[in-house]
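Inside the fold
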Amino acid sequence: MSSRRASFLDGARTVAPVMVGIVPFGLVAGAAAVRVGLSGLHAVGLSVLVFAGASQLAAIELLGENAPAAVVVVTVLVINLRMTMYSASLAPYLQEFSTRWRAGMAYVLTDQAYALSVTEFRADESVDRKWYYLGTAVPLWVVWQICTVIGVVVGARVPESLPLEFAVPLTFLAILVPTITDSPSAVAAGVGGSIAVIGAGLPLNLGLITGAVTGVVAGLVVETGWFR
Amino acid sequence: MTDSATVWLAIAVAGVGTFLIRFSFIFLFEYLSEVPDGVERALRFVPAAVLAALVLPALVIVDGTPSVSLGNERLLAGTVAAVVAWRTESIFATIVVGMVVLVGLQMLL
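Residues numbered from 1 in each chain as written. Chains lettered and ligands numbered in written order. Predicted model: local features only at pLDDT ≥ 70, side-chain atom pairs only at ≥ 80, totals over all residues. Heavy atoms only, no water.

**Details of the interface of chain A and chain B**
- Contacts between chain A and chain B engage 84 residues on the former and 66 residues on the latter.
- When chain A packs against chain B, close to 6600 Å² is buried across both sides, 79% of that on carbon and sulfur atoms.
- The interface formed by chain A and chain B holds 1 salt bridge in total.
- Summed over the shared surface of chain A and chain B, the number is 12 residue pairs in polar contact (both at pLDDT 80 or more).
- When residues of the side of chain A that touches chain B are assigned to their parent elements, the largest contribution, 12 residues, is made by helix α10 (residues 167–179) of chain A. (Contact = heavy atoms within 4.5 Å. Buried area = accessible area lost by both parts, 1.4 Å probe. Salt bridge = Lys/Arg side-chain N within 4 Å of Asp/Glu carboxyl O. Polar contact = N/O pair within 3.5 Å; in protein donor to acceptor, adjacent residues only side chain to side chain. Helix = DSSP H or I, 4+ residues; strand = E, 2+ residues; numbered from the N terminus.)

What follows is the structure, given as structure tokens:
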């Protein structure tokens, strides 16, 4: 088994290029919050307590529109639901660790840490899994928090004419495109987006949730071939 | 603006809920042998469906109504950004190009 230190550094090395995408995303998470009228503490609170970029940006947008708290919470949870899949996929590899360690590892779980770690676990059985995983996940957490703070400070000083909040849908777009890998996922995106546009006028942001659920069902239908 | 205490409540509950989502199977695996197949298959479509449901209205809806025309600057900028996202898979490049195109269009029009 590789040493803890070597495994942690291996993980950190693997995650380094991912930071190029995380930095602007984190800056936006801080700046967008200030832009919609939240305090800097709210922005940092979101980054520390929720620590999930796409859902933070959605929460910020909704809070800026004075959406009810319940809608904010449900939206965040719907967006983050994908992480149950990561949790399920990682679970067998983390089984040997104590509940306390697993809780800590769950807290720092992200798309990137998941994808990098599960690839390594499948390729190399001798790696120290706990430390490799933490090597990918902890630097992401640290950089995310720092960028949120910088975003809060800088965001307030960016001139109003610069449509910084447009970076929010652009960030979602950048994450969305690589998730479309086959026709069922393309249908899930197409239906999800279209229904959300049609339902955009619905109260309680129901258009988003209806779109998401319909999109998932549409993807399943196409994959299963039920429509034939 | 929603008052600060309500915002904190939403953040706290969303944070606890998100943690429970992350911990779910990592915690439950001791008691469960495997993820139900149907659940795993459905979850695969969640990112594409949710993200599209977030992106499309932000690009298409102008002042409360859908607008699919050349006059919709955000839709144009978003379309260019989608091509960049597809070719580069870079969050950074996608944001920069999308913003530059939008600011450029707003200066022209």
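**Thoughts on the layout of surface pockets**
- A volume near 1100 Å³ is recorded for the largest pocket.
- Taken together, 40 residues form the lining of the largest pocket, with Tyr86(A), Asp111(A), Gln112(A), Ala115(A) and Ile175(A) sitting closest to its centre.
- Looking at the lining of the largest pocket, the elements that each hand over two or more residues are α2 (19–35), α4 (53–64), α6 (83–94), α8 (111–123), α9 (129–155) and α10 of chain A together with α2 (37–43) and α3 (46–60) of chain B.
- Here the element with the most residues in the lining of the largest pocket is α8(A); it accounts for 5 residues.
- The residue makeup of the lining of the largest pocket, split by class, is 25 nonpolar, 8 polar and 7 charged. (1 Å grid on protein atoms, 1.4 Å probe; cavity = no way out; pocket = protein on both sides within 12 Å on 5 of 7 lines; lining within 4 Å. Points joined across faces, edges and corners; volume = space filled by probe spheres on them. Nonpolar A, V, L, I, M, F, W, Y, C, P; charged D, E, K, R; others polar.)

**Considerations on unusual backbone geometry**
Residue and element names in this part refer to chain A.
- Unlike most non-glycine residues, Phe51 shows phi in positive territory, near 45°.
- Among the structural elements, Phe51 can be located in the loop between α3 (40–49) and α4.
- Classification of Phe51 as buried rests on a relative accessible area of 4%. (Buried < 20%, exposed > 50% of the residue type's maximum accessible area, 1.4 Å probe, protein only.)

**Overview of the domain arrangement of chain A**
Residues and elements named next belong to chain A.
- The domains assigned to chain A are domain 1 (2–156) and domain 2 (180–228).
- The C-alpha-based centres of domain 1 and domain 2 are spaced at 25 Å.
- With 6 residues of domain 1 in contact, the opposing surface of domain 2 contributes 5 residues.
- Summing both partners gives a buried area of about 410 Å² for domain 1 against domain 2, and 86% of it is carried by carbon and sulfur.
- It is Val71, Thr75 and Val78 in domain 1 that bury the most area against domain 2; as a group they hold 65% of the surface buried on that side.
- Here domain 1 is connected to domain 2 by 0 residue pairs in polar contact (both at pLDDT 80 or more).
- Tallying contributions element by element places helix α5 (residues 69–80) first for the side of domain 1 that touches domain 2, with 4 residues.
- When the residues that make up the side of domain 1 that touches domain 2 are grouped by side-chain class, the tally is 5 nonpolar, 1 polar and no charged. (Domains from an automatic or database assignment.)

**Remarks on the environment of Gly71(B)**
All names here are of chain B.
- Examined against the element boundaries, Gly71 turns out to sit in the loop between β2 (65–66) and α4 (73–88).
- Residue classification places Gly71 among the exposed residues on the basis of a relative accessible area of 58%.
- The spacing of Gly71 and Phe23 is 48 residues in sequence and 46 Å in space, taken between C-alpha atoms.

**So, the packing of aromatic side chains**
- Taken as a whole, this structure holds 10 aromatic pairs over all chains when the rule is applied.
- Seen in terms of ring centroids, Tyr93(A) and Phe121(A) are 5.3 Å apart; in terms of plane orientation they differ by 50°. Their pairing is tilted. Here the residue Tyr93(A) occupies a position in helix α6, and Phe121(A) occupies one in helix α8, the gap between them amounting to 28 residues. Grouping residues by exposure puts Tyr93(A) and Phe121(A) together as buried.
- Judged by centre distance (6.4 Å) and plane angle (65°), the ring pair of Phe121(A) and Tyr132(A) falls under edge-to-face. Here Tyr132(A) lies in helix α9 and Phe121(A) lies in helix α8, a separation of 11 residues in the sequence. This pair shows no difference in class: Phe121(A) is buried, exactly as Tyr132(A) is.
- The rings of Phe8(A), Trp101(A) and Trp131(A) are connected pair by pair, giving a single aromatic cluster.
- Seen from the ring of Trp101(A), Lys130(A) lies directly overhead, with NZ or CZ sitting 4.0 Å from the centre.
- Stacked on the ring of Trp86(B), the Lys or Arg Arg87(B) has its end atom at 4.9 Å from the ring centre. (Phe/Tyr/Trp six-rings, centres within 6.5 Å; stacked < 30°, edge-to-face > 60°. Lys NZ or Arg CZ within 6 Å of the ring centre and 35° of its normal.)

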